[in-house]
Amino acid sequence: MANTWGYGAMTNHFGDVTKNAKMMLVIGANSAVANPVGGMKHMLQAKDRNNAKLVVVDPVFTRTAAKADMYIRIRPGTDIAFIYGVLHLIFKNGWEDKEVIKTQTYAVEEIKEEAAKWTPEEVANVTGCTQEELIKFATMYANTKPATLFWSLGITQHSVGSSNTRILSILQLVLGNMGKEGGGCNIIRGHDNVQGATDMNCLADSLPGYYGLADGVWKHFCQGWGVEYDKFIKRFAVSTKEKREKLGQKVEGTNFSEYFYHDEKNPEDRNWRNEKGYSLSKWYQGVLKEENTFSSGNLRVLWVQGTGITSMAQQIKIQEALTKLDMLVVVEPFLNEVAILSDRTDGIYVLPACTQFESEGHLSATNRSAQWRTKVINPIYESKEDQDVMFAFAKKFGFYDEYVKGMKMGVVDGVIKQVKDDFKWPDDATDEIARTTQSIGDNGRTAARLRKHQENWHNFDPETLMGRGPVEGEYYGLPWPCWDEEHPGTPILYDISKPYVKGGMGFRNRFGLVHNGVSQLADDSITLPGAKVKGGYAQITKENIEKILGITLTEEEKAKMGPSWSMDYSGIIAKKCREAGICPYGNARARTKVWEFLDPIPKHREPIHSPRWDLVAKYPTFGDQAKNFRVSTKYISEQTEQDWSKEFPTVMSSLRLVNLSGAGMIERTSKYLSEITPEMFAHVNPKLAAKYGIRDGSMMWIHAPQGTKIKVKCIYSESVTPDRICLPYNFAGIFQGEDLSARYPQDTKPYTIGESSNTVTNYGFDPVTQISEFNAGLCRLEKA
Ligand SMILES: Nc1nc2c(c(=O)[nH]1)N[C@H]1C(S)=C(S)[C@@H](COP(=O)(O)OP(=O)(O)OC[C@H]3O[C@@H](n4cnc5c(=O)[nH]c(N)nc54)[C@H](O)[C@@H]3O)O[C@H]1N2
Ligand SMILES: Nc1nc2c(c(=O)[nH]1)N[C@H]1C(S)=C(S)[C@@H](COP(=O)(O)OP(=O)(O)OC[C@H]3O[C@@H](n4cnc5c(=O)[nH]c(N)nc54)[C@H](O)[C@@H]3O)O[C@H]1N2
Ligand SMILES: [Mo]
């Protein structure tokens, strides 16, 4: 289990990189440490086998950079400026793929306009790289095909994180590297199954499968779960017992649903189902009134299952919020240090969960391939599998039957209905997911097929993912979209050179047919091989299917068919599209302009706490957000409150360690892994350390703008320049110099404890995702 910090998915896969890439840009990822086997190995193989060039763009000279043909150092938070600099040179020299731009994109002219401003001089001024480096890189990258790029958390963990991800996709689009073997955007995901967790939208702003929050979507899921929509939505009518009593409604018993009320005259009061919830980054604002929350009631219970919490920014606020809660529940194989962070002595429940080795089911890898995982041993001691904890919860609170009903459903003759009295875990859960999350084309990813793939590992080619023998014609793990049970999966997204039956697809038609008078559909020349529909077409709905496919539906088909391709349990839309050789989600233009975002085209904006006060006025951050994910967020008011860099002159970014992961509890309870890094530290350039009289190996304080501090060991390192430091985030158990050892329940203290870097992680969040600005804060060192 994991949370979902990465952003996006790989368009291609690692085998494809090994086999086909000629150029690789690693920007904001340190795969030699974070994914040595899954990721780095393939980059090195591509170097060996294809003579592919590896370029690393990173503020820190990392172990990945040590293997690169070219390393470019930029200041944290300036990737947009850097990529615009590359685009500037691309457009200036006519290196763009004019055909792709003309036939498959929208609003590239606006990107071109913005890029025109980013001359090599300005890029060098803002990012800190040299003009020569920029020109050399742009020339090499634009003229070597296919080129692929990799990013990870160095790109997303910024107040401009979502814009960062967009500008990189735009670069690939403009160069015609999308939908190509050896090209694409390869976003390397973090945890085991973090892709699966994202697909299931373990997030506060969407339902599984990226559907978003809307009544039509709730209806779709209610149908798939076999529950009545009208009854179901009443569960969202949240109010206090008092309010309900005041309305004269009866309150009795301990059944949870008794505490919900439904006020017919006040429907607004219960439309919470379509409101974003709190995000993991900012839940504490739901507890702390002074943090300005817009929810109608304060958060009183925190349920933690599969995330560390000490890995989140603003530890001091989190500590405060933990103290105020009525109850904290931690479902864990280890002792999650959230349980000892505050000094509360009561109201903490630690429920023992078992590990992945004691459970079975499917998960999704970083390239969208599913993997079936077999149980190694049954849960030991009194621990339970995660779903059993949830089942026990549902039973206790009276909604177990509804909770598990989705697993008993099936489609018979085009109609979804309950087909059995009991369910088989985990197969029926996998099949429920396949049935319901049609939006990513999950329909063909059934338990039976995934089990078969596991049994046939030896029959798949690791470089093409193609199967042979019993799995002939299928790609390993049925990477989504896998439109139906006959579909082979999609190893490379947006590949228009393949027919539909081999995983071909254009860009998705998701944002309407026309914008500003311009068609959003692909040009007439963009047709999948063998497709009956020529050129661009809209996403297929019940309304347009006859017209687009040139077919006539029977009355029975019409009666069974759902409203659109992503909400059609009958499978008829998928079947008709298969017959026509087209992809059901449409054939559209990739838009480079997201008109509903604060920045329709990506713009460089200085980090909330910028070391370049001189650039803040020219490249200010966003306006403050009054309400998003139920809370307010400061941007410009925080950025311009003062010149933070005067008092806090040093930039701080995160460092991952091979031997520790996440909040670090798992590895710090291992004697051998702990020994490698026995204490918390930061990498500091000797020149910077000398300024403060801090010796190699001695202790120092790191102070943050919010008034917090941590005491850690100084380790001299030339990997960082004298204007910045980097530090791991995998420790907890010491808080602002105070040792919390006494708070660990007996026998649960890990072998090593230390300060969490997130005590000093600065304030700052992305306006779309609310990811913290882990990688661009400011600090001040002091000899301890
Ligand atoms: N400063 C800074 N902070 C960061 C980052 C950074 O780069 N810098 N990175 C961010 C990122 S990308 C991430 S993903 C997060 C990671 O941080 P966390 O989300 O805290 O990740 P883990 O420490 O892996 O936490 C997983 C928890 O789940 C428990 N667990 C393991 N398996 C199971 C299971 O099967 N069931 C249950 N119920 N529990 C289980 C583990 O014991 C552990 O306590 O940190 C974020 N925080
Ligand atoms: N051993 C180990 N492996 C892990 C993890 C772990 O904790 N330990 N965590 C897992 C998880 S959850 C994740 S999400 C992945 C993360 O995988 P990565 O993102 O590859 O790991 P990071 O070390 O955070 O690498 C981010 C890189 O971005 C750089 N960077 C920082 N700011 C910027 C910037 O503004 N621009 C650019 N271009 N670069 C910048 C940093 O210096 C760093 O080298 O790793 C996974 N793998
Ligand atoms: Mo992550």
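Residues numbered from 1 in each chain as written. Chains lettered and ligands numbered in written order. Predicted model: local features only at pLDDT ≥ 70, side-chain atom pairs only at ≥ 80, totals over all residues. Heavy atoms only, no water.

The name an unreviewed UniProt entry gives the protein is Formate dehydrogenase, with Campylobacter geochelonis as the organism. Turning to the protein, the UniProt annotation filed under Cofactor (unreviewed entry) states: "[4Fe-4S] cluster". Word for word, the UniProt comment on the protein under Subcellular location (unreviewed entry) is "Cell envelope". (UniProt positions renumbered as here; feature names shortened; annotations may be inferred.)

A.B. asks: Give me the confidence of the model for the protein: which residues, what numbers.
C.D. replies: Across the protein, pLDDT averages 93, with 94% of residues at or above 70. Every residue in residues 1–7 scores below 50 in pLDDT, and together they form 37 contacts with partners more than four places removed in sequence or on other chains. Considering only residues more than four positions removed or in separate chains, one finds that residues 252–264, a stretch of pLDDT under 50, has 32 contacts. (pLDDT = per-residue confidence, 0-100. Contact = heavy atoms within 4.5 Å.)

A.B. asks: Before we move on, could you go through the UniProt feature "domain: Molybdopterin dinucleotide-binding" (unreviewed entry) in the protein and cite the residues and values that matter?
C.D. replies: Per the UniProt record, "domain: Molybdopterin dinucleotide-binding" (unreviewed entry) is found at residues 663–776. Secondary structure across residues 663–776 comprises 14% helix and 25% strand; the distance between its end C-alpha atoms is 19 Å. (Helix = DSSP H or I, 4+ residues; strand = E, 2+ residues; numbered from the N terminus.)

A.B. asks: How would you explain the packing of aromatic side chains if you had to name every residue and give the values?
C.D. replies: What the rule picks out here adds up to 27 aromatic pairs. Ring geometry for Tyr106 versus Trp595: centroids 6.1 Å apart, planes at 80 degrees, classification edge-to-face. Of this pair, Tyr106 sits in strand β4 (residues 105–106) while Trp595 sits in the loop between β16 (590–591) and α24 (613–616), and the two are 489 residues apart along the sequence. Feature note: the residues Trp303, Phe391, Phe393, Phe397, Phe399, Tyr400, Tyr403, Phe423 and Trp425 constitute an aromatic cluster, connected by ring pairs. Looking at Lys395, its charged tip hangs above the ring of Tyr400, at a distance of 4.5 Å from the centre. When the ring centre of Phe622 is taken as reference, the NZ or CZ atom of Arg605 above it lies at 4.5 Å. (Phe/Tyr/Trp six-rings, centres within 6.5 Å; stacked < 30°, edge-to-face > 60°. Lys NZ or Arg CZ within 6 Å of the ring centre and 35° of its normal.)

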